[in-house]
Each structure stands twice: as C-alpha cells, then as structure tokens.
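# A structural walkthrough
So the chains spell out like this:
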Amino acid sequence: MTSVDNDSFSQPVERTEPTSAADPASGWLAGVSAVLRSGAVFILLALLIVGFTAAQPAFINVGNLMSILQAVSVVAILGAGVTVTLAVGGFDLSIGAVAASSVMAASYAMIVWQLDAFATVPLVLAFGAAVGLINAFIIVRLKVPDLLATLSMMFLLSGLQLIPTAGRSISSGLILPDGSKAAGSYDPSFLLIGRYSLFGTVPVSVILMILVALALFVLTERTRIGRLLFATGGNEVATRLAGASTTRLKTLAYVISGTLASLGGIVIAARVGRGDVSSGGSLLMDAVAASLIGFAVLGLRRPNVLGTLVGAVFVGVLLNGLTMLNAPYYTQDFVKGAVLVGALALTYGLGRSNS
C-alpha cells in the first residue's frame, strides 16, 4: 500500500501571477490590438479622408460628400441584401443581374407599356421579390447549393433582359423587334427618385439607403426573426430542432435580397433615364466587397447591415478620392482589393493572435 506523507499537504503552493499583472506592457498591447481590431475600418477611413483632403481640398466639401453617398447608395442597398443571405449561411450571386434586369424592366414598362411611376415601381419590386422566391425554391426545396442556384439565375437574367429589345438599350423612340416604335417616355415622377435632392442637398437615393439600412438593422439585430436568421446560418439543424422554420427564414432572406436588388435597379434607372444593357456590370463585386468589409466593422466578424453601409461608404470614398487625384482607372480595382485585404487582415489576424 502506498503511504501518503502528511507533510506534503503542508507545503505552500506557489501561485503564478497573471502575465498582465506582472507585465503591464502586454496588457497595454492587448488593449491597442483590440482597438485596432474593432476600429480598423474607421481608422483606415479616417486616414483616407485626411489624405485625400490634404491632396485635394475640394474632396471634403458637402457637394462632393453627397456625391459619394449618392454613388454608393445602390451598392449599399444591394450589399444589405447580400448581408441578409450571408446571415442564413447562403450567398446571392444574382443581385447584380436582378438590378440590371430591373433597370430594363422599369424602362420597358414606361417606354413600351407606357405605365407611370406609381405602377412601374411596385411592378419592378414584385419582379425582384419573385426572383428571390425562385432562388429560395431552388435552394431550399430542390437542395441546389446556393452558389450554383444564384449563379444560374444570374446567367438566366443576363440573357433574359436582352430578349424583349433584341439586345438594344431602352430609351424614348425605341425601335422594337417587330419594327414598330415605342411611344412612351420616362415618367418625370420616376426620375425624381434618382435625381431629386431634399433641401437641394441630400439626394433621395441617399435617404432610401439610410432607410433600408435602419429597417434591416432593426430586423436583424433587434427582433426575434433577426436572431433566428443568424441562428440558421450558425447551426441550421439546431435552429430547426428549436422549433424555427429554417425554410421560411431562408426564403425570407432571398426575397429580401431580390427586392433590394430591384430597388437598386430602380434607383439606377431613375438616375440614368434609360435602360442601359451594360448597367449593373460591377454591382455584384462592389456589393460583395461592401458586405465583406462590414465583417470588420467594430470587430463583429459576422454579417451586419450597418457594417455593410460603412463598407460601401469606405469603397466610395476610396474610389472618389482616386478619381479626384486622376489615378488611372485600371488601378482602382487593385487598390480596392488591397484595402479590403488589409481591413480583413487587421480584423481576423489580430483576433486570432489575441485568442
């Protein structure tokens, strides 16, 4: 039998002081890295604004700032839709094609069908919601992976929008495939959506962007539905076992995404005043970039609508500043990608090192 020496229990136990108490510098460094991680995008955004203002003082005037917000409004609206689908663990690659098709649909409705703004806007929004519903059916019911389903929808819509006009852009006096001439024109009330500024300063599209961001922020961050959306993306099986309908939640996410993409298309059509077949070419990548930058905002490291809004503004400030500095157009995508990598590296890299 093994005997235990009672003296062994009387030996004092040496306690090691926490590293942070012994080394205040490590605690200070941890605090700095936490600030950098949570505020990386804001720090970079502030540096960009200061740098561009120093190089070109006209950058900081109100008119140019409103121009930046107007330019990014569509990207932010589409990015909000992407964010909702990311929340449920999906991804919508069709938003750019939905927006472009909505531009063509709105133009066709007014110029060919001679509808007014009050009939055109609900019709186009319903079109976007229908596309989202079809995406959800393919993904949820037919079990097609979301990337494949929405990629297929993107190609389908890209071709479908060209068929009614035989590949031509839509404007007043359009010659239809049967040789007849369209008699309609853009409703002036519709054009106000993209061209009117409240109090002569704040564009309507900027107001729409803010309203969409606030509405989705409340939905995703302050309601039970929002918590269930994130729960679906985190663990779909556990969410289903908890009694929530993940089918309905995913359907809701894709319908919201399609509707917001159509709203973005309406803003573009109202701003341009014609149905351009090349519209929406870069919308997908810009919206995705905004939503990914949103992951880095406040170090949340998850989809969030206000982060997407900040990401869209970040990209807009960057591109506007490069344009004012006469940077070659072919360098803009490279710079945008480099800054995106930097923002995400600060967020994820510092987070991993701290853990």
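Residue numbers here run from 1 along each chain, matching the order of that chain's written sequence. Given that the model is predicted, a residue must reach a pLDDT of at least 70 before its local features are reported, and side-chain atom pairs must reach 80 or more before they are shown or counted; all residues, however, enter totals for whole chains, interfaces and linings. The side-chain numbers reported here are obtained from all heavy atoms of the structure, hydrogens and water having been left aside.

### Thoughts on a nonpolar patch on the surface
- A contiguous nonpolar patch, built from Leu192, Tyr196, Leu198 and Phe199 and spanning about 450 Å² of accessible area, is present on the exposed surface.
- With respect to the helices and strands, Phe199 occurs in the loop between strand 1 (197-198) and strand 2 (202-203). Patch building starts from residues that exceed 30% relative accessible area and form no salt bridge, then joins like charges within 9 Å and nonpolar side chains (Val, Leu, Ile, Met, Phe, Trp, Tyr) within 5 Å. Each accessible area is a Shrake-Rupley estimate made with a 1.4 Å probe; only the visible protein chains count as cover when residues are assessed. Just to be clear on terms, a salt bridge is a Lys or Arg side-chain nitrogen sitting within 4 Å of an Asp or Glu carboxyl oxygen. Secondary structure counts use DSSP, requiring at least four H or I residues in a row for a helix and at least two E residues in a row for a strand, with both numbered from the N terminus.

### Considering the layout of surface pockets
- In this structure, the largest pocket occupies an estimated 350 Å³ of space.
- Secondary-structure elements contributing two or more residues to the lining of the largest pocket are helix 4 (62-87), helix 12 (246-272), helix 13 (283-296) and helix 14 (305-324).
- A per-element tally of the lining of the largest pocket places helix 4 first, with six residues.
- Partitioning the lining of the largest pocket into residue classes produces eleven nonpolar, six polar and two charged. Cavity and pocket criteria rest on a 1 Å grid covering protein atoms alone: a 1.4 Å probe that fits but cannot get out defines a cavity, protein on both sides within 12 Å along at least 5 of 7 lines defines an open pocket, and an atom within 4 Å of a point defines a lining residue. Grid points are joined across faces, edges and corners, and a volume is the space filled by probe spheres set on the points. Throughout this entry, Asp, Glu, Lys and Arg are counted as charged residues, while Ala, Val, Leu, Ile, Met, Phe, Trp, Tyr, Cys and Pro are counted as nonpolar. The remaining residues, Gly among them, count as polar.

### Describing the confidence of the model for the protein
- Confidence scores labelled pLDDT are given residue by residue by the predictor and lie between 0 and 100. On average, residues of the protein carry a pLDDT of 86, and 86% of them reach 70 or more.
- Whether two residues are in contact is decided by their heavy atoms, any of which lying within 4.5 Å being enough. Across residues 1-17 the pLDDT falls below 50, and counting only partners more than four positions away or on other chains, this stretch makes one contact in the model.

### Here's the deal with the packing of helix 5 (residues 95-111) against helix 13
- Each axis is a line fitted through C-alpha atoms, and for a helix only the stretch in contact is used; angles between axes span 0 to 180 degrees, taken between their N-to-C directions. Running from N to C, helix 5 and helix 13 cross one another at 130°; their axes reach a closest spacing of 7 Å. Comparing the axis directions of helix 5 and helix 13 gives the class oblique. Viewed along their axes, helix 5 and helix 13 form a crossing whose handedness is right-handed. In this structure, helix 5 uses Ile95, Gly96 and Ala99 to contact helix 13, whose residues at the interface are Leu283, Leu284 and Ala287. Here the angle decides the label: under 35 degrees means roughly parallel, over 145 means roughly antiparallel, 65 to 115 means roughly perpendicular, and every other value means oblique. What makes a crossing left-handed is the near helix being turned counterclockwise from the far one by less than a right angle; a clockwise turn instead makes it right-handed.

### Quick word on empty space enclosed by the protein
- Taken as a whole and assessed by the stated rule, the structure comprises one cavity of 30 Å³ or more.
- Approximately 50 Å³ is the volume found for the largest cavity.
- Elements with a minimum of two residues in the lining of the largest cavity: helix 4, helix 9 (204-222) and helix 14.
- Partitioned by chemical class, the residues of the lining of the largest cavity number eight nonpolar, one polar and no charged.

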